[in-house]
Amino acid sequence: MTDSMRRRFSSGTVVIVALALIGCRTSPPDPGTTGGRIDPYRTTSADRASTDASMPALYEYSDVTAEALVRSLAELDEVKSATQPLVLELGGIENHTGTPTGDFELIQHRLRGAVRRSQIARKHFIFVESTARMDSELRRVDADGPDLTSRYPADRIYLLVGDFFESARGRTRRYYFEFQLLHLSTRRIIFNEPFDLAQR
């Protein structure tokens, strides 16, 4: 190999090594654009480009809301003074926003699940499914059995319902969750709890 060839080879090697080092230092691509598993709480480029409610923000929001709801329920005088666990049915959460139905239902179920899993809530409440759904399942599973599932006294039953609202100003979104705990037989509103979220 001549001196000229050696110099060209050496220069090319330096360039290749430098490019390799630069490539190693390049930050990893956004998981939201490359496929694969991602942290559901991480905001991706797809989230930033969308005008819909941010899913990572709604995940965090549902977590905080569930925790605050449980604390509020446990502090109610009639809950603390009850001599036996009260029956809590998680009713509907009405969506009054532009958030797609599928996204909203996902958040609604996450929130309900978090409330049900709470050890504080389970200390004070028995969680039940709707009678319509369970009666239907009973007839499907045991056609020769009773027509109705077990009922609880109405004065022990409480219903947790909610509404979800949205206000939009350009790319800024403000969300408002409002929950009510209702006593089923008397229709009394035991508490009304608001939760706010804003994003842009």
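For the structure, see preceding data.
About the criteria used
- Counting from 1, residues in each chain are numbered in the order their sequence is written.
- The model is predicted, so local features are restricted to residues of pLDDT at least 70 and side-chain atom pairs to those at 80 or more, both for listing and for counting; the totals for chains, interfaces and linings are taken over all residues.
- Values reported for side chains reflect all heavy atoms of the structure, with hydrogen atoms and water molecules removed beforehand.
- Here the aromatic set is Phe, Tyr and Trp, taking the six-membered ring for Trp, and pairing holds for ring centres within 6.5 Å; pairs whose planes are under 30 degrees apart are stacked, those over 60 apart are edge-to-face, and all others are tilted.
- Counting from the N terminus, the helices are the DSSP runs of H or I reaching at least four residues and the strands are the DSSP runs of E reaching at least two.
- Here's how the labels work: a residue is buried when its accessible area is under 20% of the maximum for its type, exposed when over 50%, partly exposed in between, all with a 1.4 Å probe on protein chains only.
- By the criterion applied in these results, polar contacts are pairs of N or O atoms within 3.5 Å in which, for protein atoms, one can donate a hydrogen and the other can accept it, and in which residues neighboring in sequence qualify only through two side-chain atoms.
- In what follows, a contact means two residues having at least one pair of non-hydrogen atoms within 4.5 Å.
- Put simply, a nonpolar core is a bunch of buried Ala, Val, Leu, Ile, Met, Phe, Trp, Tyr and Cys residues held in one set by side-chain atoms that sit within 4.5 Å of each other.
- Basic side-chain nitrogens of Lys or Arg form a salt bridge, by our definition, when they fall within 4 Å of a carboxyl oxygen of Asp or Glu.

## With respect to the packing of aromatic side chains
Evaluation of the coordinates by the stated rule reveals three aromatic pairs. With a centroid separation of 6.3 Å and an interplanar angle of 35°, the aromatic rings of phenylalanine 165 and tyrosine 176 are classed as tilted. With phenylalanine 165 in strand E3 (residues 157–169) and tyrosine 176 in strand E4 (residues 172–183), this pair connects stretches of sequence that are eleven residues apart. Among the residues examined, phenylalanine 165 registers a relative accessible area of 33% and is labelled partly exposed. Judged by its relative accessible area of 26%, tyrosine 176 is partly exposed.

## Description of the environment of proline 153
Topologically, proline 153 is positioned in the loop between helix H8 (131–141) and E3. By relative accessible area, which is 44% here, proline 153 ends up partly exposed. Taking the C-alpha atoms as reference, proline 153 lies 9.1 Å from valine 87; in sequence the two are 66 residues apart.

## Considerations on the side chain of histidine 183
Relative to the assigned elements, histidine 183 resides in strand E4. Overall, the relative accessible area of 5% leaves histidine 183 in the buried class. Within the structure, histidine 183 has its side chain in polar contact with the side chain of threonine 186 (distance 2.8 Å). Residues in contact with histidine 183, not counting those within four places in the same chain, are Ala154, Asp155, Ile157, Tyr158, Arg188 and Ile190.

## Section: unusual backbone geometry
Here arginine 187, not a glycine, exhibits a phi torsion of approximately 65°, which is positive. Along the chain, arginine 187 falls in the loop between E4 and strand E5 (189–199).

## Brief notes about the nonpolar core
Core analysis: the largest hydrophobic core is formed by 32 residues, its most contacted members being Leu88, Leu160, Phe177, Phe179 and Leu181. Counting only elements with at least two residues in this core, the list comes to helix H4 (55–74), strand E1 (86–96), helix H6 (101–117), strand E2 (125–128), E3, E4 and E5. In this structure, leucine 160 is in contact with Leu69, Leu88, Glu89, Leu90, Gly91, Phe179, Gln180, Leu181 and Phe191, ignoring residues within four places of it in sequence.

## Examining the pattern of salt bridges
One pass over the structure, following the stated rule, counts seven salt bridges. With its nearest N and O atoms 3.3 Å apart, the salt bridge here joins aspartate 63 to arginine 110. Placement of aspartate 63 in helix H4 and of arginine 110 in helix H6 is noted, with a sequence separation of 47 residues between them. Classification of aspartate 63 by relative accessible area gives partly exposed; the value is 30%. Assessed through its relative accessible area of 25%, arginine 110 is described here as partly exposed. Its salt-bridge partner being glutamate 129, residue arginine 133 comes within 3.5 Å of it at the nearest N-O pair.

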